[in-house]
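# Chains, contacts and geometry: an overview
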Amino acid sequence: GQQVMQIPQYQHVQEGEDFTTYCNSSTTLSNIQWYKQRPGGHPVFLIQLVKSGEVKKQKRLTFQFGEAKKNSSLHITATQTTDVGTYFCAGEGGATNKLIFGTGTLLAVQP
Amino acid sequence: ETGVTQSPTHLIKTRGQQVTLRCSSQSGHNTVSWYQQALGQGPQFIFQYYREEENGRGNFPPRFSGLQFPNYSSELNVNALELDDSALYLCASSLVGGRNIQYFGAGTRLSVL
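Model, not experiment: these values are computed from the prediction. (Residues numbered from 1 in each chain as written. Chains lettered and ligands numbered in written order. Predicted model: local features only at pLDDT ≥ 70, side-chain atom pairs only at ≥ 80, totals over all residues. Heavy atoms only, no water.)

Before going further, it helps to spend a moment on the environment of Phe63(A). Residues and elements named next belong to chain A. When you line up the elements, Phe-63 lands in strand S7 (residues 61-65). Under the relative-accessibility criterion, Phe-63 is labelled buried at 0%. In sequence terms Phe-63 and Pro-39 are 24 residues apart; their C-alpha atoms lie 22 Å from each other. (Helix = DSSP H or I, 4+ residues; strand = E, 2+ residues; numbered from the N terminus. Buried < 20%, exposed > 50% of the residue type's maximum accessible area, 1.4 Å probe, protein only.)

On to the state of the cysteines, then. All names here are of chain B. For the structure on display, the rule yields two disulfides over all chains. Residue pairing for Cys-23: its cysteine sulfur links by disulfide to Cys-91, the two sulfurs lying 1.8 Å apart. One disulfide, between Cys-23 and Cys-91, carries an S-S torsion of -55° and so falls in the left-handed class. Of this pair, Cys-23 sits in strand S3 (residues 19-24) while Cys-91 sits in strand S9 (residues 87-94); the two residues are 68 residues apart in sequence, bridging distant segments of the chain. (Disulfide = S-S within 2.5 Å.)

Another aspect to go through is the side chain of Gln6(A). Residues and elements named next belong to chain A. Positionally, Gln-6 belongs in strand S1 (residues 4-7). A distance of 3.1 Å separates a polar side-chain atom of Gln-6 from the backbone nitrogen of Cys-89. Excluding residues that lie within four positions of it along the chain, Gln-6 makes contacts with Thr-21, Tyr-22, Cys-23, Trp-34, Tyr-87, Phe-88, Cys-89, Gly-102, Thr-103, Gly-104 and Thr-105. (Polar contact = N/O pair within 3.5 Å; in protein donor to acceptor, adjacent residues only side chain to side chain. Contact = heavy atoms within 4.5 Å.)

A word on the interface of chain A and chain B. The partner chain B presents 23 residues to the 15 residues of chain A that form the contact. The tally of links between chain A and chain B comes to zero salt bridges. When the residues that make up the side of chain A that touches chain B are grouped by side-chain class, the tally is six nonpolar, seven polar and two charged. (Salt bridge = Lys/Arg side-chain N within 4 Å of Asp/Glu carboxyl O. Nonpolar A, V, L, I, M, F, W, Y, C, P; charged D, E, K, R; others polar.)

What follows deals with the nonpolar core. Among the nonpolar cores identified, the biggest contains 20 residues, and Trp34(A) and Phe63(A) are the most heavily contacted of them. Breaking this core down by element, the ones donating at least two residues are strand S3 (19-25), strand S4 (31-37), strand S5 (44-49), S7, strand S8 (71-76), strand S9 (85-92) and strand S11 (105-110) of chain A. In this structure, Val19(B), Val32(B), Tyr49(B) and Val112(B) belong to the second largest nonpolar core, which totals 19 residues. (Core = buried A, V, L, I, M, F, W, Y, C linked by side-chain atoms within 4.5 Å.)

This part covers the packing of aromatic side chains. Under the definition given, this model contains twelve aromatic pairs over all chains. Between the aromatic rings of Trp34(A) and Phe63(A), the centroid separation amounts to 6.4 Å while the plane-to-plane angle is 55°, which identifies the pairing as tilted. Placement of Trp34(A) in strand S4 and of Phe63(A) in strand S7 is noted, with a sequence separation of 29 residues between them. Accessibility expressed as a relative area gives 0% for Trp34(A), which makes it buried. Each residue in the set Tyr35(A), Phe45(A), Phe88(A), Phe101(A), Tyr35(B), Phe45(B) and Phe104(B) is aromatic and connected to the rest through ring pairs, giving one cluster. (Phe/Tyr/Trp six-rings, centres within 6.5 Å; stacked < 30°, edge-to-face > 60°.)

Structure below.
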């Protein structure tokens, strides 16, 4: 079945450093979404990418969707302690409405 | 906050028992999805309901069942609980015809002993 993997599983950075998480799907996606889950919280929607090669920015966050629509990345510039949490990508593929979540990347930011 | 509410917040059951979890969707949303999130993992899609009918299912056995009511609230029922069913159960509402963006509730933490 369809699988969505993320690397790294865990990243520890000093505040002010950059951070990137990568997402790879075993199948072509119709779109990809990104969610953030704070410790003890629930996933919160960040963004959706639909077009091949699409790049979107939200302040310090930059999201990319690969040309083949099988991979994506999230880059955070100059991390802050408020960025702490687990970042999940979630892919939607084919005729199904099923959203497949990735394995997540836990970001720890040291002040 | 999303406006999606779940109850109860925590639950402890023993193996073999049955459990019902409840979810109230965000106003205006006509679709509800249920996810299971084990510790340290991503949410796993259980099923989705639209117009009171199951509208997609993940790789979960039939002892996981659901209902959606006319007011778009929903229930997740799990029969014959197993130890591996211990997880955070998340409900998410969305709008059919929208972009399938999931608005999650805070979840129900189920522990099976």
